[in-house]
Amino acid sequence: MTTKVLFRYSHTVGFLANQGRGFNNPVDVALDSQGVLYVLNRAGPEIGIRLAYKRVTICTADEEYLGEFGTGGTGEGQFWWPSALAFDSDDRLYVADEALQRVSVFTKNGDYLGQWGAAGSGDGQLDRPSAMAFDREDNLYITDSLNHRVQKFTKDGKFLGKWGELGDGPGQFNMPWGIALDGQGDVFVADWRNDRIQKFDPEGRFLQQWPRSESASGNGAGQLNRPSGLAVDSEGLIYVCDWANERVQVLSPSGETLASMRGDSVTSTWATDYFQANPDEGAARLQANLDPEINPRGEYDREVSANIEKLLWGPTAVKLDGQGRIYIVDSMRHRLQIYRKGG
């Protein structure tokens, strides 16, 4: 019997801003040891005027803006298609870049420390690294998306192992995206084009997958349509950004659907301050219909999410803070929607 778990919307952090207090197409968020948020802004397309918008924003869950670092480019410490963030045990921040096929390393203050990685399909080489997660020994797991595999490295970039190949069988992948580890060190991978989550032991041996049925793809409870980011909490609950269904699903360790979050956002403090300082834009916003009546083609019609502002639109990552907060990166609306677990 499935036990219901309550998840309630808390608040929103962020709104569209090219620089400063806001985000521009955020794709990932990471928390340092003190719970400070680091938000990765992809901010495409890659043209000169937009390169400065590619950055990491530093803030708190209470909407305190602490600064930012980084810029677009191909030089040391710069970003082109930044895709993922992860902290090691010493609070060094690692940034994966899909276009530059590398991992760059920074202090938590944004000082550049170095980089590693090279393009290719050999051991330790990368082709569109999409997500990262550290284990307790500071080994780094990376979803190597277009090589259809997971690779394991030391934090200094030394190759330790790999598993996976193109396919749809157990242990195979088709463009894996998100990755997360549970308390036992088992590895969960969002197998994007196969519309499933796979679980492995730390050495890459296949353990199980969700959904278990052959009809995995869809928009029903427990079905997935292009899963992106994911996380696993201390109880073994699995949080999945169900990207093409515009929702985050919460699954039990056995794969039962416990909750589905579609978005409940209200205006963030940063946005409210902006509209107060720009009253003409604030007045136009008050006159706009942010919750229009739409005749959907289906329950998870993307047109619905694109037109109803409170809903998630392109959720790319979900992270947890150990205090019952769930951070959802709402990429197309340039914000984080924060929920709380309880009840």
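Attention here is on the structure that accompanies the text. (Residues numbered from 1 in each chain as written. Predicted model: local features only at pLDDT ≥ 70, side-chain atom pairs only at ≥ 80, totals over all residues. Heavy atoms only, no water.)

Let's shift gears to the overall build of the chain. Along its length, the chain carries three helices and 24 strands. Here the C-alpha atoms of the chain give a radius of gyration of 19 Å, agreeing with the 20 Å that 2.2 N^0.38 yields for 343 residues. By its C-alpha atoms, the chain is 55 × 50 × 35 Å across when sized along the principal axes. The buried share of the chain, taken over its 343 residues, is 56%. Within the chain, counting contacts between residues at least 6 apart in sequence, those at least 24 apart form 48% of the total. Total accessible area on the chain is roughly 14500 Å²; 47% of this is exposed by carbon and sulfur atoms. (Helix = DSSP H or I, 4+ residues; strand = E, 2+ residues; numbered from the N terminus. Rg over C-alpha atoms; globule rule 2.2 N^0.38 Å. Buried < 20%, exposed > 50% of the residue type's maximum accessible area, 1.4 Å probe, protein only. Contact = heavy atoms within 4.5 Å. Areas by Shrake-Rupley, 256 points an atom, 1.4 Å probe, with all protein chains shown as cover.)

Turning to the sheet that holds strand β11 (residues 140–144), a few remarks are in order. Overall, antiparallel pairing links the four strands, which are arranged β10-β11-β12-β13 in an open sheet. Where the open sheet ends on each side, the last strands, each with one partner, are β10 (129–134) and β13 (159–163). Pairwise comparison of adjacent strand axes, ignoring direction, gives a mean angle of 20° for this sheet. Relative to β11, β10 is paired through five bridges, and the arrangement is antiparallel. Note on β11: the bridge partner recorded for A131 is T143. (Pairing = 2+ DSSP bridges. Axes fitted to C-alpha atoms, helices over the stretch in contact; angles between N-to-C directions.)

This next bit is on the packing of aromatic side chains. Inspection of the entire model under this criterion finds 21 aromatic pairs. With 5.7 Å between their ring centres and 75° between their planes, Y9 and Y339 make a pair best called edge-to-face. Highlighted residues: Y9 in strand β1 (residues 7–13) and Y339 in strand β24 (residues 335–341), separated in sequence by 330 residues. On the basis of relative accessibility, which here comes to 2%, the residue Y339 falls in the buried class. Residues F79 and F106 carry aromatic rings whose centres are separated by 5.9 Å and whose planes lie at 65° to one another, so their mutual orientation is edge-to-face. (Phe/Tyr/Trp six-rings, centres within 6.5 Å; stacked < 30°, edge-to-face > 60°.)

Scanning the entire structure with this criterion turns up 23 salt bridges. Residue D91 is joined to K108 by a salt bridge in which the shortest nitrogen-to-oxygen separation is 3.4 Å. Of this pair, D91 sits in the loop between β6 (82–87) and β7 (93–97) while K108 sits in the loop between β8 (102–106) and β9 (112–116), and the two are 17 residues apart along the sequence. Overall, D91 belongs to the buried group, its relative accessible area being 12%. When salt bridges with common partners are traced through the structure, they connect D88, D90, R92, D138 and K155 into a single cluster. (Salt bridge = Lys/Arg side-chain N within 4 Å of Asp/Glu carboxyl O.)

In this section: the pairing of strand β16 (residues 196–200). Taking burial as the measure, the five residues of β16 include five buried ones, the bulk of the element. With burial as the criterion, each face of β16 is covered, one bearing R196, Q198 and F200 and the other bearing I197 and K199. Of the pairings in the sheet, the one linking strand β15 (residues 187–191) to β16 comprises five bridges and is antiparallel in character. Paired with V187 across the bridge in β16 is F200. Between β15 and β16, which follow one another and run antiparallel, lie four residues, and D195 among them has a positive phi close to 55°. Pairing between β16 and strand β17 (residues 206–210): four bridges, direction antiparallel. Considered in β17, the bridge of F200 is made with F206.

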